[in-house]
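# Remarks on the overall topology
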Amino acid sequence: MSTPTPAAMKHATSQQGRTPSGQQGRTPSHFPAATPPVSTPFNAAQAAFSPRGQHSSPQHVKKSPATMGMTGQSTMAALNFDSPSTAAAMGALVMGNGFDMGLEGVAGLDGVGGAYASEEEKLRRLENIIKMLNVREKKGMVSDAGLERLAQRLGMEILSEEHSTPGGHKTKTLAIAGSAIALDIVLDNNIVQNATLSYHGNADSVTKHIDAASQILLKDLQLSSGQSPLTKTLERFAINFERLARLDKLSIVPGLDCHEALSSMHSSLGRLYGWDLEQLRRTMTGRPDSLIESSAMCTRHGRPVMHERGQVGLALQYWKERRFIAPRAGQEASAQNKVWSMLLGCAAIDGVGLPPVRVSENWISKDIVKQDDMSGALSPPLDWQEPDNVSLPQNDENKDAGMDMLQADLSTTRVPRVMFTATFDPPIILPQSEWSRFYAIVGLEPPMMTMINEFNRQPPTFDQLFFPVMPGTKQDISEPRTIVRRHQVPMINTYNDSLTRTHKNSLFIYKPIYSQELSELPFGHPRQLIEMLPVLRQYAFLSTLLESSFGRKDESTAESGGNHKAEENEAEQSDSSTMKDQLAEFMNLDKSDAKSNAGMPVSVPADLSLDVILWVHPSPHMQVVFPMRDTTANITLSILEGGLVQIIHENVIGEEPGPVKEINGSNVTREQLAKVLEHLEDLSKWAEWIRSRL
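Rules of the game
- Residues numbered from 1 in each chain as written.
- Predicted model: local features only at pLDDT ≥ 70, side-chain atom pairs only at ≥ 80, totals over all residues.
- Heavy atoms only, no water.
- Buried < 20%, exposed > 50% of the residue type's maximum accessible area, 1.4 Å probe, protein only.
- Helix = DSSP H or I, 4+ residues; strand = E, 2+ residues; numbered from the N terminus.
- Pairing = 2+ DSSP bridges.
- Contact = heavy atoms within 4.5 Å.
- Axes fitted to C-alpha atoms, helices over the stretch in contact; angles between N-to-C directions.
- Disulfide = S-S within 2.5 Å.

### Here we look at the pairing of strand S17 (residues 608–615)
What you see with S17 is a clean split: Leu608, Leu610, Val612 and Leu614 sit on the buried side and Ser609, Asp611, Ile613 and Trp615 on the side with no burial. In this sheet, S17 lies alongside strand S14 (residues 498–509) in parallel orientation, the contact comprising six bridges. Note that in S17 the partner of Asn505 across the bridge is Leu610. As paired strands, S17 and strand S18 (residues 621–628) are joined by five bridges and run antiparallel to one another. In the sheet register, Ile613 faces S18, and the bridge partner there is Gln623. Counting the residues in the hairpin turn of S17 and S18 gives five residues.

Shown next, in the form of structure tokens:
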């Protein structure tokens with residue numbers, strides 16, 4: 001079957017999807033509801049059936065004098081809580097006239113004021129609901145019908161053709177095409193036999209990577225060994241193909257090819273990565289290439305990849321677990337461990353001040369560094385370039401897809417209404433100050449902070465984002481919080497004996513810091529991403545320490561006492577409590593009895609109790625306390641930018657400059673203690689290393 005060309009199958013010019021605005025999540029205080037003048041025509045029917053229109057706001061219905069006169073209602077019926085003074089007066093009236101019914105504990109009534117939210121607040125809630133539904137939406141099963149529905153939902157053209165073999169056996173070929181890409185899928189009785197991705201553009205930088213993308217899509221569609229066709233879903237394929245389809249729909253022919261824009265950026269970042277490898281090979285002589293590549297990823301300017309680790313598209317990898325350990329023979333350096341990266345893509349511009357996409361392979365010069373700037377710095381400054389903007393032809397076809405931009409010579413040019421985006425995989429949890437700093441790096445005003453939920457109108461704290469509070473549980477952020485984990489720690493002592501010890505690790509948070517989870521950010525130049533890397537590595541390593549020592553975020557569901565992870569020897573028992581909870585248990589109240597009867601396993605006596613105090617402002621710090629022979633070890637450490645550990649205070653190696661000697665006779669310094677933690681990436685293993693060697 002001849003594959004239909006995208007140009008022949010596409011009936012319309014570029015279609016651009018609407019993306020969330022950078023102003024999403026703003027509170028009513030920033031966008032007060034406007035009151036229409038008396039002379040403004042008002043249609044009550046439209047207000048009832050068009051929730052997103054400007055004329056549809058319930059606040060407009062209440063405020064319009066024409067509406068109050070038309071409905072014949074009294075002024076009291078139009079009373080609302082838009083005015084702080086009115087809200088205060090109504091609060092005093094309700095709570096002071098015998099209407100206090102003790103509703104604090106009634107689920108869903110904590111934020112009764114939400115019924116009086118502004119139009120902007122209701123729109124934000126609606127968009128959050130739509131986003132949740134999109135995330136939870138089932139993509140369907142791998143089949144003829146499932147693939148056709150997915151293509152239609154993505155707005156792609158699709159053709160189907162059946163073929164008969166000489167033996168009378170029939171197969172079907174589905175051709176899904178956009179403006180620059182086409183995917184041919186061969187199915188035999190709803191089982192995918194082959195999938196081929198083709199690119200019909202003119203960019204060689206895209207063509208050389210197209211086979212790798214095709215292999216990922218084919219793997220997403222084919223059955224795994226022993227897998228039944230009834231259990232093969234479209235989840236992984238939909239994620240990857242949607243990324244390609246989004247780039248295809250945002251492209252403007254002629255003028256802008258989003259596939260070329262990203263592959264060209266990969267060429268520039270690839271030159272920078274190659275330069276990093278060359279510099280490191282001079283200082284890491286004799287080390288395996290895998291460790292040199294890991295060092296370039298985690299200490300220099302990241303590692304750009306196209307279509308790797310089962311993900312279609314461009315990614316900038318900047319951190320990984322166990323970065324000091326060489327991979328086993330026959331496996332890729334990043335195949336065994338968790339990797340932190342930024343997925344680079346494109347989105348439609350839906351705001352003011354966002355820079356448009358540019359297409360160039362010269363985001364950085366061929367020489368990488370500035371040759372004429374020898375200021376004596378440890379690392380020479382990079383020679384970043386400023387590519388020209390994409391200039392679209394002035395015609396009616398791209399009237400909605402472009403926007404006018406003022407140039408330096410005061411002339412205007414038409415540029416695409418498309419921007420670069422970086423999606424953080426996994427999302428990174430940052431204190432509010434660092435979160436705002438990232439928006440400043442890309443030249444944008446940060447949006448309003450996301451609240452915990454609709455009824456608890458408080459910004460989340462770092463510990464709440466990393467260790468979520470169980471549903472239905474109230475957490476007063478002014479109270480200290482304690483998180484307890486009990487798990488098995490494999491270790492090897494000085495005599496190379498394999499041991500397993502039970503640790504009870506307690507994490508104490510006395511100073512909650514408002515924080516946000518950063519998942520996506522627009523940007524205009526790759527140097528902005530490079531500038532973020534030190535802070536990203538700082539909090540990536542912090543998350544590694546917390547996950548390895550206190551369990552991952554999804555294991556926090558065991559706080560109610562479940563022991564569903566016991567067979568994995570990790571997070572066998574976990575608990576989270578506040579000072580009030582601890583006081584209640586101490587006084588043998590019913591709460592502790594109910595908790596003991598909730599299915600919590602009997603505690604296994606711990607071989608070691610590890611107490612950790614965490615604070616993340618102005619930078620991440622930890623105070624680690626554990627028993628050591630006849631005394632108690634007390635170590636305070638800081639996690640610096642770049643994921644480096646610095647020991648600030650300790651009492652285990654004696655007064656400087658005379659460190660205690662190790663068992664094998666070598667000296668131990670604070671710098672060595674810090675390096676050991678960077679290698680182990682686990683506070684429990686680190687404590688055992690110190691106990692067994694000092």
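Back to the write-up after that little detour.
### Comments concerning helix H18 (residues 670–680)
Among the residues of H18, Leu673, Ala674, Val676, Leu677 and Glu678 are the ones counted as buried. Close packing links the buried residues of H18 with helix H15 (526–550), strand S19 (631–640), strand S20 (644–649) and helix H19 (683–693). In the stretch just after H18, Glu681 is the one whose phi turns positive, near 55°.

### Comments concerning the sheet that holds strand S12 (residues 418–431)
In a beta sheet, neighbouring strands pair by backbone hydrogen bonds and run either parallel or antiparallel. Spatially, S5-S6-S7-S12-S15 is the arrangement adopted by the five strands of the open sheet, whose pairing is antiparallel. Edge positions in the sheet fall to strand S5 (303–308) and strand S15 (515–523), since each has one partner strand and no second. With strand direction ignored, the average angle separating the axes of adjacent strands in the sheet is 30°. Sheet topology places S5 next to strand S6 (residues 311–320); five bridges connect them, and they run antiparallel. In the strand pairing of S6, Pro304 is matched with Leu316. Seen against the sheet, helix H11 (residues 258–283) touches S5, S6, strand S7 (339–348), S12 and S15 and runs at an angle of roughly 140° to S5.

### A few points about the sheet that holds strand S2 (residues 170–177)
Spatial strand order, S1-S2-S3-S4: four strands in an open sheet with antiparallel pairing. Two strands bound the open sheet, and with one partner strand each, they are strand S1 (157–164) and strand S4 (191–199). Averaged over all pairs of adjacent strands, the angle between strand axes in this sheet comes to 15°, irrespective of strand direction. In this sheet, S4 lies alongside strand S3 (residues 181–188) in antiparallel orientation, the contact comprising eight bridges. In the strand pairing of S4, Leu187 is matched with Val192. Against the sheet, helix H10 (residues 235–250) makes contact with S2, S3 and S4, and its axis sits at roughly 150° relative to S3, the strand it touches most.

### A word on the state of the cysteines
Tallying each qualifying case throughout the model produces zero disulfides. With no disulfide of its own, Cys346 lies closest to Cys258 among cysteine sulfurs, the gap being 4.1 Å. Taking relative accessible area as the criterion, Cys346 reaches 4% and is therefore assigned buried.

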